[in-house]
Amino acid sequence: MLDIMPSPQVLQPVVKLKVDELYLTWLSDPSTQSVLKNYLSLIKSGQSIDLGNVDASDSVFSENNNGSKGSLCHKTHADRRTTSLGASSSPPPSHTLPSGSSSNARVTGPNGRALRKSVSSKKAQVKAPPPVAPVLSESIPKFYFPLGRPQANLNVDGLISKVETIFAQFPGERASIEDMGQVAKACECPLFWKVPLFNAAGGDRTGSVSVHKFVAMWRKTVQTCHDAAAKFVHLLARPGCNYLEQEDLIPFLQDVVDTHSGLNFLKEASEFHARYITTVIQRIFYNVNRSWTGRITCSELRKSNLLQNVALLDQVDNINQMTEFFSYEHFYVIYCKFWELDTDHDLFIDQRDLARHNDQTISNKMIERIFSGTVTRDRRVHREGRMSYGDYVWFIISEEDKKTDTSMEYWFRCMDLDGDGVLSMYELEFFYEEQCLKLEALGVEPLPFEDCLCQMLDLVKPEAEGHITLRDLKRCKMGHVFFDTFFNVEKYLCHEQRDPFSVVRELETEGQEMSDWEKYAAEEYDHLVAEATGDQCNETYENPPSPLGQHISTELGLRAKKHFFEFPTAPCNLELGDYKYEEDFE
């Protein structure tokens, strides 16, 4: 192995420190101090000093090494031309000041090489030299905190003391699942963290949790996880995982179904618990899992508002106000729409079933692309040419609200036939051909593709000429118009007939009104309820209709759509998405 010598620039400061050390060693030697004091007295008295007859290094170092073991300096009698200072510390007769002129004397060794005189091993009684300044990279403060930024004044013992006080109120200092609400509050966590806390301490296996096990678990959690997102993932994730998968959320959501006051009507309809939980899980991953990996990380959780919604569950009695994740009305709409398409009620649909959505407004080419596996997660069902209920949740939300980032990514994946991250003119023409046929069937003369292309390029204003990227569509804020132009004939015609100024007003008030999905869900919910109850409903509903209530109303003679609520013989076997998506989206 080659020994690579360091550069002179690296050695230079080290050599300087060594020279300084040698100088201080010489200067602090008692014999040197005595000589210097003697010379200083002579100078003050006006006497002259002959500096040419004394070898400073020889006199000083010989005194240094007089009593040391193994002297480092050896001279022959022929080399000694000056009088040594001797063993005593008295000045030499010539009273000459030591100089460095003869300090370069050499002694020839047995092999003919010159030997350098060395200093004594006696330690100098001086302060150690200042340490070498650290390199710049060592001075950069830590900025990456995957488990949250640690709190400087966190009183862990105080938090544990509160928990122990609560456990002292329980028989045998053991908490059941019914007691975990108080424990969650003592831990300064939202109420609906109670089941994750209970399970993380082993309560799901034993039926109760002892104070010792819970304190050990919570102390470790507080010391290693420094913010709410890291704690939530730690409590719900499987051992050794730093992310959440879909199964991890089931116990937490089952507790919401069982204990939230806004879902009391659903308790007796246990067969619908799995449907509601599946819907909420898919909505959570739709909004939070921005990487499309099927795994929610702490970073993604921090960027979302899921934990804020979980905290509000304890404060909001009407679950339908939690429109982003937990709304029962939204679940009702999604499940009824799926049930209409699922003619054999096995909780799976094929291409022909999905093509009937919204009176076949979506082109067949787009339906084929959806079933190609580009956006579906259940690979086993994909190989069978079917779509699960979980994948349908993603489809209907993306179809009814194309303004969100996730929906634009959804449809961009479908239109990007070759997966190169850009939409070429060929791909746009491929989808537009069927749109023209549908417009002609409706008696509407379609625009030539060249004219349509010019309109879309003016609408999107892509950064690079000749192709459109996902970044272009997100930046232009008109992605919904773009997508509908190529595969949804009904919405395309709606955009064509709208007042252009209304589009401008929508852009100005974006984020201040209900989203397109919320508007659709509200309208469809009213329609479905009116249809299910035979138009015998009020303008407002104090309690949302439940599947159980539908059976009761049917027995009372109301015209209910029974096929909405029939149960399949086999339970929902919704597999989790393990489809490997490329990380090419923003």
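Nothing here was measured: the structure is a model prediction, and the numbers come from that model. (Residues numbered from 1 in each chain as written. Predicted model: local features only at pLDDT ≥ 70, side-chain atom pairs only at ≥ 80, totals over all residues. Heavy atoms only, no water.)

One pair of aromatic rings is described through two measures. These are the centre distance and the angle between the planes. A complete count under the given rule lists 30 aromatic pairs for this structure. Ring plane angle 75° and centroid distance 5.4 Å describe the contact between Tyr332 and Tyr525, whose orientation is recorded as edge-to-face. With Tyr332 in helix α14 (residues 328-341) and Tyr525 in helix α26 (residues 516-532), this residue pair connects regions lying 193 residues apart in the sequence. On the basis of relative accessible area, Tyr332 is assigned to the buried category, the value being 2%. (Phe/Tyr/Trp six-rings, centres within 6.5 Å; stacked < 30°, edge-to-face > 60°. Helix = DSSP H or I, 4+ residues; strand = E, 2+ residues; numbered from the N terminus. Buried < 20%, exposed > 50% of the residue type's maximum accessible area, 1.4 Å probe, protein only.)

If you trace the backbone, His330 turns up in helix α14. By relative accessible area, His330 is classed as buried at 4%. As for His330 and Val280, which are separated by 50 residues in sequence, their C-alpha atoms are 9.6 Å apart. Reaching out from His330, the side chain makes a polar contact with the backbone oxygen of Thr323 at a distance of 3.3 Å. Engagement of the side chain of His330 in a polar contact is seen with the side chain of Trp517, the distance being 3.2 Å. (Polar contact = N/O pair within 3.5 Å; in protein donor to acceptor, adjacent residues only side chain to side chain.)

To continue, consider the packing of helix α16 (residues 364-374) against helix α20 (residues 425-441). The geometry of α16 relative to α20 is characterised by a closest axis approach of 8 Å and an angle of 130° between their N-to-C directions. By the angle class used here, α16 and α20 are oblique. Residues Asn364, Lys365, Met366 and Arg369 of α16 touch α20, and the partners they reach there are Phe430, Phe431, Glu433 and Glu434. Considering only residue class, the contact of α16 with α20 consists of three nonpolar, one polar and four charged. (Axes fitted to C-alpha atoms, helices over the stretch in contact; angles between N-to-C directions. Parallel < 35°, antiparallel > 145°, perpendicular 65-115°, else oblique. Contact = heavy atoms within 4.5 Å. Nonpolar A, V, L, I, M, F, W, Y, C, P; charged D, E, K, R; others polar.)

Here we take up helix α8 (residues 211-224). In this model α8 runs 20 Å from its N-terminal to its C-terminal C-alpha over 14 residues, within 8% of the 20 Å that 1.5 Å per residue would give. For α8, the complete set of buried residues consists of Val211, Phe214, Val215, Met217, Trp218, Thr221 and Val222. Buried residues of α8 fall within an arc of 165° about the axis and therefore sit on the same side. Facing away from the buried side of α8 by over 90 degrees, the exposed positions are His212, Lys213 and Lys220. Among the structural elements, α4 (156-167), α5 (180-186), α6 (194-200), β4 (209-210) and α9 (228-236) are those in contact with the buried residues of α8. (Expected span 1.5 Å × (residues − 1). Arc of directions from axis to C-beta.)

These results come straight from atomic positions and should not be treated as a statement about function.
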